[in-house]
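The primary structure of each chain is shown beneath.
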Amino acid sequence: MATRTGCESRSGTEISTALLIPKFTVVEDGAFLADDTMVASYELGGGWIYVAKATVGKRAFLGNSGITQPGRRVPDDGLVAVLSATPHKAKAGSSWLGSPPVRLRRKSTAADVLRTFHPSAQLKILRALVETCRLIPMVVTFAIGLTVLLALQWLAAEVGWVWTALASGVVLLAAGALAGGIAVVAKWLLVGRIRAIEHPLWSSFVWRNEVSDTFVETVAAPWFARAASGTPVMNLWLRALGAKIGRGVWCETYWLPEADLVTLEKSSTVNRGCVVQTHLFHDRIMRMDTVVLEEGSTLGTHCVALPAARIGAGATIGPASLVMRR
């Protein structure tokens, strides 16, 4: 990967979705870049552009939506938390939270290195086999699209284009229902009911959970979830995935990675772009816990609620906030 993109990436790295300039990025041995991280190799300001190499150190962790600015380095064995920025200078093993970042007291968790940083060849083969199954939801969403086109073509031949245009909404509704149903079935077949527990990175549950999430992202999201956001149908679908949702809940996001661990009580609100984050992955251990929004509480736009977070009744969290455990 490093030679093709120009990014200097070493062995044993885990990179989810990252925005970066490969030529100015170094990801060292054993580093972990979570979802939507930004390794920002340039900055603009005052009519100038500042370009410098950005580095993620050995066995370092850059959390969801975390940022490493040009000229900065996530320290070896260090952590930059969710929605946080990397400090100018940091000692090895230190952890940081916020933007601007402040030192976070945290102890690394001891774990079996064979299940975290140094897996056996057998585990690598097993993971490759399971990860290959991510192709299945891509095939499924393509098949749904093809079916929609064929159905519209058949209607056009049978009843004409005017009636086909009028019936197209019904066809798309049926496709959305099918896509949402497939994601629900996949979730229960692949992982079943999810509980608050820990799993190392190199374990069957983690891989199967990622495949299940791919069904949500590539099948349910484009055909159903994005259009259904903020509707009662969304609440029904999230309940089918295992979430506990009360009456009168407004939920404008489908980003509930482990829906079984989410409770949205009566009249609570989850706004657009929020992530109800029921797991964390630092130290290469997937730690899961519940997230609860009590009656009448509000999670503002583009917020992230971390595992074990609980928002009190009637409380409001402002936009782009990080909600930590109590």
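Residues numbered from 1 in each chain as written. Predicted model: local features only at pLDDT ≥ 70, side-chain atom pairs only at ≥ 80, totals over all residues. Heavy atoms only, no water.

Q: Explanation requested: the overall build of the protein chain in the structure shown.
A: Counting its secondary structure elements, the protein chain contains six helices and 29 strands. Taken over the C-alpha trace, the protein chain has a radius of gyration of 22 Å; the compact-globule value for 326 residues is 20 Å, and the two agree within 12%. In the protein chain, buried positions account for 47% of the 326 residues. Surface summary for the protein chain: the accessible area is close to 16700 Å², and the carbon and sulfur share equals 62%. Averaging the locations of the 33 positively and 24 negatively charged side chains of the protein chain gives two centres separated by 4 Å. (Helix = DSSP H or I, 4+ residues; strand = E, 2+ residues; numbered from the N terminus. Rg over C-alpha atoms; globule rule 2.2 N^0.38 Å. Buried < 20%, exposed > 50% of the residue type's maximum accessible area, 1.4 Å probe, protein only. Areas by Shrake-Rupley, 256 points an atom, 1.4 Å probe, with all protein chains shown as cover. Lys, Arg positive; Asp, Glu negative; His and termini not counted. Charge placed at Lys NZ, Arg CZ, Asp CG, Glu CD.)

Q: I keep staring at the environment of Ala 40 and nothing clicks. Help me out?
A: Inspection of the secondary structure assignment puts Ala 40 in the loop between strand E6 (37-39) and strand E7 (42-45). Between the C-alpha atoms of Ala 40 and Ala 54, which are 14 residues apart in sequence, the distance is 7.0 Å. When near neighbours in sequence (up to four residues on either side) are disregarded, Ala 40 contacts Ala 54, Ile 67, Thr 68, Gln 69 and Pro 70. (Contact = heavy atoms within 4.5 Å.)

Q: Could you clarify how one ought to interpret the pairing of E7 in this entry?
A: Where a strand is regular, its side chains alternate between the two sheet faces. One ladder, built from four bridges, connects E7 with strand E8 (residues 48-51); its direction is antiparallel. Residue pairing across strands places Gly 45 opposite Trp 48, the latter belonging to E8. Hairpin connection from E7 to E8: two residues lie between these consecutive antiparallel strands, with Gly 46 at a positive phi of about 60°. (Pairing = 2+ DSSP bridges.)

Q: Where do I start with helix H3 (residues 135-159) in this structure?
A: An α-helix turns once every 3.6 residues. As a result, residues three or four positions apart point the same way. The end-to-end C-alpha distance of H3 is 36 Å, a good match for the 36 Å that 25 residues give at a rise of 1.5 Å each. All of the buried residues in H3 are Pro 137, Val 140, Thr 141, Ile 144, Gly 145, Val 148, Leu 155 and Ala 156. Buried residues along H3 sit against helix H4 (161-190) and helix H5 (204-228). Of the residues one or two after H3, Gly 160 is the one with positive phi, at around 95°. (Expected span 1.5 Å × (residues − 1).)

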